[in-house]
Amino acid sequence: MMRATLSGVGVLVLLFAGGAVCAAQTLREHADRAGLLVGAAVEPRYFSEPEYAATLAREFNMLTAENVLKWGAIRPSRARFEFGPGDRLVAFARKHRMKVRGHTLLWSEYNPRWLVEGGFTPAEMSAMLREHITRVMRHYRGKIFAWDVVNEVFLADGSVEPSVWYDRPGIGLKGKGTAYVEQAFRWAREADPDVLLFYNDYDTEGINPKSDAVYAMVKDFKRRGVPIDGVGIQAHIVDLEAKDLATMEANVARLVALGLQVHITEMDVGLPVDAAGRPRDEAALGRQAEIYRQVAEACLRQKGCTAFQTWGFTDKYTWIPDFTKGAKGLPLPFDSRYAPKPAYEALLEAFRRRALTP
Ligand code: XIL
């Protein structure tokens, strides 16, 4: 009798647990259960579109600014800071209980003309960068949990790319490799002692000369106590062969072993499209899903990989057609009418499985 009662309770507990697991249906629910962040880059000007806002809030627990926090958007002139669009983004996230990633405080691109063509001296550039990092980070203190402090400084061979912040004219550390990156991280930590500080780059999924350069830099930073908390791997996958993904998990693992977090920050997988923007090959949607699954799994298998984010979420709004002059498109998990694609199902499955593994 006693035995029967106990097993009855056992069955009830099992039923309840099973029911709870099955109840999770969206990407966001699975990520919440696994204690992970799943995000998308957004443009606040689309928040007024009901399907855009609804899909975003339903499927993601994190968002980032596709453009509105970059110099070219937030700094219309030397004296003026334009925080309006960023503030709207933060308000949306707060309303829907989402975390916000900040992107970005130092990049060679998307800078205002007044800065790039201003003829400033390195001393002036240095002062303006420090002021920028301090003002922007303080404005969003407590509202943004992680910043891409520095974005894309290496070339494919692992050398430091010439840029306005490095050597044209630079902030006074020209010819000194990643010393200017280090300076930016030190200023960022001064501005906000609590926020997570990330270095972010592309073509750094697998092990290659560029990801080796990132690894060497952050290893050196950790050894010398330069403040840094994580590395962002963008994952703009341009080649459907995606050979580099074979070594992705090993790359994530070596960064995590340094005591750093890894975030996948900008994933998209552009497909070859015709002039009308239709896929050249229907089977490509399956291949795209496979690549999403591979990247998500390479991240989710490592405990230190704590966030997975796509660059946009609907094919309606994506930078890929512009960037590839119309050769590629349809890179995201939702189609242009907000219907989930095979890529979405692949992500859902990867997160569901991760949520079930303790
Ligand atoms: C892109 C945006 O998506 C475009 O809208 C903009 O015109 C240029 O920047 N790597 C990055 C992102 O770190 O900031 C870039 O975003 C895409 C590549």
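In this report, the structure presented in the accompanying data block is examined.

About the thresholds
- Per-chain numbering applies: the sequence of each chain, read as written, is numbered from 1 onward.
- In keeping with the model being predicted, local features are shown solely for residues with a pLDDT of at least 70 and side-chain atom pairs are shown and tallied solely at 80 or more, while totals for entire chains, interfaces and linings include all residues.
- Side-chain metrics in this entry use all non-hydrogen atoms of the structure; hydrogen atoms and water are not considered.
- Among the buried residues, those of types Ala, Val, Leu, Ile, Met, Phe, Trp, Tyr and Cys that are joined through side-chain atoms within 4.5 Å form a nonpolar core.
- Buried residues are those whose accessible area, probed at 1.4 Å on protein chains only, stays under 20% of the maximum for their type, while exposed residues exceed 50% and partly exposed ones sit between those limits.
- Distances are taken per atom, and a residue is near a molecule or strand as soon as one of its heavy atoms is within 4 Å of it.
- Two N or O atoms form a polar contact when they lie within 3.5 Å of each other; inside protein one atom must be a possible hydrogen donor and the other a possible acceptor, and for residues adjacent in sequence the pair counts only when both atoms belong to side chains.
- Each accessible area is a Shrake-Rupley result for a 1.4 Å probe, and residues are judged covered by the shown protein chains and nothing else.
- Residues were grouped as follows: Ala, Val, Leu, Ile, Met, Phe, Trp, Tyr, Cys and Pro as nonpolar; Asp, Glu, Lys and Arg as charged; and all remaining residues, including Gly, as polar.
- We call a pair of cysteine sulfur atoms a disulfide whenever their separation is within 2.5 Å.
- Each aromatic pair joins two rings of Phe, Tyr and Trp (for Trp, the six-membered one) with centres within 6.5 Å, and gets the label stacked for planes under 30 degrees apart, edge-to-face for over 60, and tilted for any other angle.
- Numbering of helices and strands starts at the N terminus; helices are DSSP runs of H or I of at least 4 residues and strands are runs of E of at least 2.
- Charges are assigned to positions over rings by a cutoff of 6 Å between ring centre and Lys NZ or Arg CZ, combined with an angular limit of 35 degrees from the ring normal.

Some details on the nonpolar core
- In this structure, Leu56, Trp147, Trp165, Phe185, Ile264, Met267 and Phe308 are the most contacted members of the largest nonpolar core, which totals 103 residues.
- Ranked by size, the runner-up nonpolar core spans 7 residues in total, among them Leu37, Phe145, Ala146 and Leu196.

Brief notes about the site of the ligand
- Near the ligand, the surroundings consist of 13 residues, among which Glu66, Lys70, His103, Asn151 and Glu266 are the closest.
- Separating an oxygen atom of the ligand from a side-chain N or O atom of asparagine 151 is a distance of 2.9 Å.
- Contacts to the ligand include glutamine 234, whose side-chain N or O atom sits 3.3 Å from an oxygen atom.
- Taken by itself the ligand offers 420 Å² of open surface, and the protein chains cover 81% of this.
- Residue composition of the shell around the ligand, by class: 4 nonpolar, 5 polar and 4 charged.

A few points about the state of the cysteines
- As enumerated under the stated definition, the model contains 1 disulfide in all.
- Across the disulfide, cysteine 299 is cross-linked to cysteine 305 (sulfur-sulfur distance 2.0 Å). Judged by the sign of its S-S torsion, about -100°, the bond between cysteine 299 and cysteine 305 is left-handed.

Side note on the packing of aromatic side chains
- Evaluated as defined, the whole model comprises 20 aromatic pairs.
- Residues tryptophan 114 and phenylalanine 120 carry aromatic rings whose centres are separated by 6.2 Å and whose planes lie at 85° to one another, so their mutual orientation is edge-to-face. This pair shows no difference in class: tryptophan 114 is buried, exactly as phenylalanine 120 is.
- Here phenylalanine 313 and tyrosine 338 contribute two aromatic rings whose centre-to-centre distance is 6.4 Å and whose plane-to-plane angle is 45°, an arrangement assigned as tilted. Of this pair, phenylalanine 313 sits in the loop between strand S10 (305-310) and helix H12 (320-323) while tyrosine 338 is found in the loop between strand S11 (328-329) and helix H13 (342-356), placing the two residues 25 residues apart along the sequence.
- According to the relative accessible area criterion, phenylalanine 313 is buried, its value standing at 1%.
- The exposure class assigned to tyrosine 338 is buried, which follows from its relative accessible area of 6%.
- Over the face of the ring belonging to phenylalanine 198 we find arginine 101, whose NZ or CZ atom lies 4.9 Å from the ring centre.
- In this structure, lysine 210 packs its charged tip against the face of tyrosine 202, placed 3.5 Å from the ring centre.

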